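Understanding the architecture of this molecule
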Amino acid sequence: MSLPDPVVIIIGAGTSGLATAASLTRLSIPYIILEREDCSASLWKKKSYDRLHLHLAKQYCQLPHIPFPTNFPKYVPKSQFLQYIDSYATHFHITPKFNRLVESARFDESIEKWRVVARNVGSGEVEEYSGRFLVVATGASEGFVPVVEGLGGFTGEVLHSTGYQSGEKYRERRVLVVGCGNSGMEIAFDLAVHGAKTSIVVRSPIHILSKEMMYWGVELAKYLPFSTVESLVVLLSKLWYGGLEKYGIQRPNEGPFTLKKKYGKFPLVDSAGTYNKIKSGEIQVLPGIARIHGDEVEFENGNSHQFDTIVFATGFKRSTHKWLKGDDYLLDEDGNPKPSFPNHWKGQNGLYCAGLAWRGLYGAGMDAQNIANDIKSSL
């Protein structure tokens, strides 16, 4: 079935897609959004844990054109963030086409438009769309679980962090969290609070910052040189948290903001209090996994421990390469932009991406506004 042509086709109704839709609406540019799930912001609504809060102050996480309500706390919890997202969509009359799984998108030079083929998940019907511009706003779409020798034979429960909600049902259970990013550390904290016998794998060096260090680092960066701010934040972290090596944690050689800028790797913002749980021994830090035998996990230091559950907080992978055809310029095979910041959002033949440069909600909002303004100038 072929449907009327919009000017812009947006793939994905997460925060990046909603921000792009809002920015286009303000410029009176017609668009449609195709979303494979049955709701907007599905990663937040369906695949995030209950304790989740924004790790940055709210002014750095709001979407374009509408700030968070003044009565929201500085660090917005999941429930209020979802309220904000829903009211944002309502305000801009954003009505995505849900349950549309995009199967292919390619630029048709004969008509100078993007042709998108999507399957209606509910009816099974194939739909075809075409538009002058295409915006990839699919974000982190699929949970990633690394290959681990013996994982298939593990006798306990295995889940990705997208399937974890609360530690309530894990009381007294032996739980191993794999992944030491913000999600992994907060899940470990939640498990410990609920009485689970909690361990976490920390393979790579990490920076630990408090919310206040992160906040003032961002604020001071407006007035002071980057290197000065970073050095100050690292010094404060060392003074506040002390030597981490005795707990099995190494600090990176490069600073936290350098790692974020170069590799998209966020520092650990210790908003929940995970560090204190590690310090008290309520959370055990372990090295990388070597192999698994039944319920026994062997680690790279040669020690072994038994577990009832393994939670993989090991990030996401993108599926863009499966359906985006003919693009050799904008996105690589992992769905990351090839052009470097700040030119990462614009491709060729009217192709754009929003929120794919690992720069958080603020970066996604900037992408959305840049895209809308660029399209407006082309019309």
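Data block above holds the structure.
A brief look at the structure comes next. (Residues numbered from 1 in each chain as written. Predicted model: local features only at pLDDT ≥ 70, side-chain atom pairs only at ≥ 80, totals over all residues. Heavy atoms only, no water.)

Re the packing of aromatic side chains
Two descriptors summarise a pair of aromatic rings, namely the distance from one centre to the other and the angle between the planes of the rings. What the rule picks out here adds up to 16 aromatic pairs. An angle of 35° between the planes, with centres 4.1 Å apart, marks the rings of F68 and Y84 as tilted. Of this pair, F68 sits in the loop between helix 2 (42-46) and helix 3 (78-91) while Y84 sits in helix 3, and the two are 16 residues apart along the sequence. Y84 carries the same exposure label as F68, and that label is buried. Between the aromatic rings of Y241 and Y275, the centroid separation amounts to 4.8 Å while the plane-to-plane angle is 80°, which identifies the pairing as edge-to-face. Of this pair, Y241 sits in helix 6 (residues 226-241) while Y275 sits in helix 8 (residues 274-280), and the two are 34 residues apart along the sequence. For Y275, a relative accessible area of 7% translates into the label buried. (Phe/Tyr/Trp six-rings, centres within 6.5 Å; stacked < 30°, edge-to-face > 60°. Helix = DSSP H or I, 4+ residues; strand = E, 2+ residues; numbered from the N terminus. Buried < 20%, exposed > 50% of the residue type's maximum accessible area, 1.4 Å probe, protein only.)

Some thoughts on the sheet that holds strand 2 (residues 31-34)
Within the open sheet, the 4 strands sit side by side as 2-1-6-19. Their pairing is parallel. Two strands lie at the open edges of the sheet, namely strand 2 and strand 19 (351-353), each paired on one side alone. Averaged over all neighbouring strand pairs, the angle between strand axes comes to 20°, with direction disregarded. In the sheet, strand 1 (residues 8-11) pairs with strand 6 (residues 133-136) via 4 bridges, with the strands oriented parallel. Opposite V8, over in strand 6, you have F133 as the bridge partner. Its contacts with the sheet put helix 10 (residues 360-378) on strand 1, strand 6 and strand 19, and the angle it makes with strand 19 is roughly 160°. (Pairing = 2+ DSSP bridges. Axes fitted to C-alpha atoms, helices over the stretch in contact; angles between N-to-C directions. Contact = heavy atoms within 4.5 Å.)

Some points on the sheet that holds strand 5 (residues 126-131)
The strand order across the open sheet formed by 3 strands is 3-4-5, and the pairing between neighbours is antiparallel. Every interior strand has two partners, whereas the edge strands, strand 3 (100-108) and strand 5, have only one. Strand-to-strand, the axes of this sheet are offset by a mean angle of 20°, without reference to chain direction. Judged from the 8 bridges that link them, strand 3 and strand 4 (residues 113-120) form a sheet pairing that is antiparallel. By the bridge assignment, R106 is partnered in strand 4 with R115.

Focus: the pattern of salt bridges
Using the criterion set out here, one finds 17 salt bridges in the structure. The salt bridge involving D38 is made with K46; its shortest N-O contact spans 2.6 Å. A relative accessible area of 38% means that K46 is categorised as partly exposed. For R115, the salt bridge goes to D108, with nearest N and O atoms at 2.6 Å. The exposure class of R115 is partly exposed, given its relative accessible area of 36%. Classification of D108 by relative accessible area gives buried; the value is 18%. Sharing partners across several salt bridges, the network here consists of E37, D38, K46 and K47. (Salt bridge = Lys/Arg side-chain N within 4 Å of Asp/Glu carboxyl O.)

A closer look at helix 3
Between its terminal C-alpha atoms helix 3 stretches 20 Å, which fits the 20 Å expected from 14 residues at 1.5 Å a residue. Those residues of helix 3 that fall on the buried side of the exposure criterion are K78, Q80, F81, L82, Y84, I85, Y88 and A89. Residues of helix 3 that are buried sit in contact with helix 1 (15-26), helix 2 and helix 10. Once helix 3 finishes, H93 follows within two positions and takes phi at roughly 55°, a positive value. (Expected span 1.5 Å × (residues − 1).)

So, the nonpolar core
Within the largest apolar cluster, 74 residues are counted, with the highest numbers of intra-cluster contacts made by V8, I10, F81 and I94. Broken down by element, this core gets its largest block of residues, 6 residues, from helix 3. Once residues within four sequence positions are removed from consideration, I10 is found in contact with G17, T20, A21, L24, Y31, I32, I33, L34, V135 and A137. (Core = buried A, V, L, I, M, F, W, Y, C linked by side-chain atoms within 4.5 Å.)

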